[in-house]
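Now for the letters of each chain:
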Amino acid sequence: MTIRLKRTSELILAIPYVITLTIIAFTWNRILTTDYFATVKHQIGLAAVVINLPLYFFRYKLAFLLTGLILFFATFNLLALFLQIETVSYFMNIAGTELSTPSVQPKSLLLLTLYLILCLAFRSSLFIRIQ
């Protein structure tokens, strides 16, 4: 029973990666078949997602954590998953000095939120050792 529960939770925890893989496939399909150009952020995103794929078959926990890291970097505009890179940043003036928040990609933030919700919901089953 423990093995079946562990496999089910692993499949559920892989949902953010499957979504990310689908987005990357769509993005690169559009880049290769239309006149869009890939930026360095797109290339880094593709490399990170492709490197993460075999890890899901051999080192699941590491792959799951790497997925979180990829989504974190995508959220803070260090790599791109989506074709069009849209960022949001807020500015405020304090005593004549303009301060800004880091640039955030809202779609990647949504994926990171899904990842964190699933991580919190299944955190115990992720690190159970089968004896």
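Residues numbered from 1 in each chain as written. Predicted model: local features only at pLDDT ≥ 70, side-chain atom pairs only at ≥ 80, totals over all residues. Heavy atoms only, no water.

Asks: Can you help me understand helix α3 (residues 40–58) in this one?
Replies: Owing to its 3.6 residues per turn, the α-helix brings residues three or four apart onto one side. When the terminal C-alpha atoms of α3 are compared, their 28 Å separation across 19 residues agrees well with the 27 Å that a helix rising 1.5 Å per residue should span. Listed as buried for α3 are His 42, Gly 45, Ala 48, Val 49, Asn 52 and Tyr 56. For α3, the arc enclosing every buried residue in end-on projection is 125°, short of the 170-degree limit, so these residues lie on one face. α3 presents Val 40, Val 50, Ile 51, Phe 57 and Phe 58 as exposed residues on the side facing more than 90 degrees away from its buried surface. Where the residues of α3 are buried, they touch α2 (15–33) and α4 (60–75). (Helix = DSSP H or I, 4+ residues; strand = E, 2+ residues; numbered from the N terminus. Expected span 1.5 Å × (residues − 1). Buried < 20%, exposed > 50% of the residue type's maximum accessible area, 1.4 Å probe, protein only. Arc of directions from axis to C-beta. Contact = heavy atoms within 4.5 Å.)

Asks: I keep staring at the layout of surface pockets and nothing clicks. Help me out?
Replies: To locate leftover empty space, one rolls a probe as large as a water molecule over the atoms. Quantified by volume, the largest pocket comes out at close to 290 Å³. Arg 7, Glu 10, Leu 11, Ala 14, Ile 15, Tyr 17, Val 18, Leu 21, Leu 53, Tyr 56, Phe 57 and Tyr 60 are the residues that line the largest pocket. Of the residues forming the lining of the largest pocket, the biggest block, four residues, is contributed by α2. Across the lining of the largest pocket, the residue classes tally to 10 nonpolar, no polar and two charged. (1 Å grid on protein atoms, 1.4 Å probe; cavity = no way out; pocket = protein on both sides within 12 Å on 5 of 7 lines; lining within 4 Å. Points joined across faces, edges and corners; volume = space filled by probe spheres on them. Nonpolar A, V, L, I, M, F, W, Y, C, P; charged D, E, K, R; others polar.)

Asks: Help me understand empty space enclosed by the protein, please; the structure alone is not making it clear to me.
Replies: Using the criterion set out here, one finds one cavity of 30 Å³ or more in the structure. Computed from the structure, the largest cavity encloses a volume of approximately 40 Å³. Together, Phe 82, Gln 84, Ile 85, Glu 86, Gln 105, Pro 106 and Lys 107 line the largest cavity. Among the residues forming the lining of the largest cavity, the class breakdown is three nonpolar, two polar and two charged.

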